[in-house]
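A structural walkthrough
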Amino acid sequence: MNSIVLSVMIMQIEHPENVHLIRGNHEASDINALFGFRIECIERMGENDGIWAWTRFNQLFNCIPLAALIEKKIICMHGGIGRSIHAVEQIEKLERPITMDAGSIVLMDLLWSDPTENDSVEGLRPNARGPGLVTFGPDRVADFCKKNRLQLIIRAHECVMDGFERFAHGQLITLFSATNYCGTANNAGAILVVGRGLVVVPKLIHPLPPPIHSPEASPERVGDDAWMQELNIQRPPTPTRGRPQPEVDRNSLAYI
Ligand SMILES: *[C@@H]1O[C@H](CO)[C@@H](O)[C@H](O)[C@H]1NC(C)=O
């Protein structure tokens, strides 16, 4: 079974006071099927057990918290505040388990929205990820933080080259911890350490140099790489923030 998903879940069970999970847009059955999780379950466990495990994982994903507050001053969510989220209570009111289908526009915004291209683009704009999705400007971030007495929004959802990137004059940080995303993005990863007084310090994780393919490399390792490359061909890319995007069919699911 997918060892990363399991490791994260085990960490959370073992340390429930210290490990908190936040749901992302890939914690939804249609999206993770598209990205190979369903096939992976079937290939590892066989048709019946694989589908059963995949279904159970997705039932669990429907229960994952949708946002987290740190000391009532920092809010964390996967995507952002989109067009619809004006008060923290709107998020607190969402009852779990919840599927994306059953979810409101609030859920869609939480898991799928992005900040606008840069701080000079205000208001709400269409999101290139797909119809019905929005990007929100620094003015929205400032209003939301002021109204809810927050200092900072921390979100993920886009690959950023330095692992973290400021927006809205530092009132929003995009955080991306996976280095060299999909083996091709060449990005650094980052984590944020929140210290006393809620001072936020980024720690960078540098991307590894490309692996050296020697004859001694274990067959399993080579197999893993091939599996990854195969998946990369099939799956739509997560957009890399601030880089020109390849021209794509806007009707396809190209921006996930
Ligand atoms: C911000 O984005 C807009 C819209 O794409 C662009 O026209 C402008 O040049 C960008 N500004 C900066 C400072 O990058």
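Residues numbered from 1 in each chain as written. Predicted model: local features only at pLDDT ≥ 70, side-chain atom pairs only at ≥ 80, totals over all residues. Heavy atoms only, no water.

1. What to know about the environment of M9
- Topologically, M9 is positioned in helix α1 (residues 3-14).
- When its relative accessible area of 13% is taken as the criterion, M9 is described as buried.
- Placed eleven residues apart in sequence, M9 and H20 show a C-alpha to C-alpha distance of 9.7 Å.
- Beyond its immediate sequence surroundings of up to four residues, M9 is in contact with F57, L60 and F61. (Helix = DSSP H or I, 4+ residues; strand = E, 2+ residues; numbered from the N terminus. Buried < 20%, exposed > 50% of the residue type's maximum accessible area, 1.4 Å probe, protein only. Contact = heavy atoms within 4.5 Å.)

2. Description of the UniProt feature "domain: Serine/threonine specific protein phosphatases" (unreviewed entry) in the chain
- Taking the UniProt record as the reference, the feature "domain: Serine/threonine specific protein phosphatases" (unreviewed entry) is found at residues 22-27.
- Between the C-alpha atoms that bound residues 22-27 the distance is 10 Å, and the span itself is 0% helix and 0% strand. (UniProt positions renumbered as here; feature names shortened; annotations may be inferred.)

3. Some details on the site of the ligand
- As a structural note, the neighbourhood of the ligand is formed by E117, N118, S120 and V121.
- Between the ligand and E117 there is a distance of 3.0 Å, counted from an oxygen atom to a side-chain nitrogen or oxygen.
- Expressed as a share of its isolated accessible area of 360 Å², the protein-covered part of the ligand is 32%.
- Across the shell around the ligand, the residue classes break down as one nonpolar, two polar and one charged. (Near = heavy atom within 4 Å. Polar contact = N/O pair within 3.5 Å; in protein donor to acceptor, adjacent residues only side chain to side chain. Areas by Shrake-Rupley, 256 points an atom, 1.4 Å probe, with all protein chains shown as cover. Nonpolar A, V, L, I, M, F, W, Y, C, P; charged D, E, K, R; others polar.)

4. Here we look at the sheet that holds strand β3 (residues 114-115)
- Strand order in this open sheet of three strands is β3-β5-β4, and the pairing throughout is mixed. Two strands lie at the open edges of the sheet, namely β3 and β4 (124-126), each paired on one side alone.
- With three bridges joining them, β4 and strand β5 (residues 134-136) adopt antiparallel strand pairing. In the sheet register, R125 faces β5, and the bridge partner there is T135. (Pairing = 2+ DSSP bridges.)

5. Quick look at the packing of helix α3 (residues 37-45) against helix α4 (residues 47-61)
- Remark: α3 packs on α4, axes separated minimally by 7 Å, with the N-to-C direction vectors making an angle of 140°. For the element pair α3 / α4, the angle class is oblique. For the pair α3 and α4, the sense of crossing is right-handed. Counted together, F37, R38, C41, I42 and M45 of α3 and E47, D49, G50, I51, A53, W54, F57 and F61 of α4 form the full contact between these two elements.
- Residue composition of the contact of α3 with α4, grouped by class: nine nonpolar, one polar and three charged. (Axes fitted to C-alpha atoms, helices over the stretch in contact; angles between N-to-C directions. Parallel < 35°, antiparallel > 145°, perpendicular 65-115°, else oblique. Left-handed = near helix turned anticlockwise from the far one by under 90°.)

6. So, the pairing of strand β7 (residues 164-167)
- With four bridges joining them, β7 and strand β8 (residues 172-175) adopt antiparallel strand pairing. Among the inter-strand pairings, F164 is bridged to a residue of β8, identified as L175.
- Taking the residues that link successive antiparallel strands as the turn, the β7-β8 hairpin has four residues, and the phi of A168 there is positive, at about 55°.

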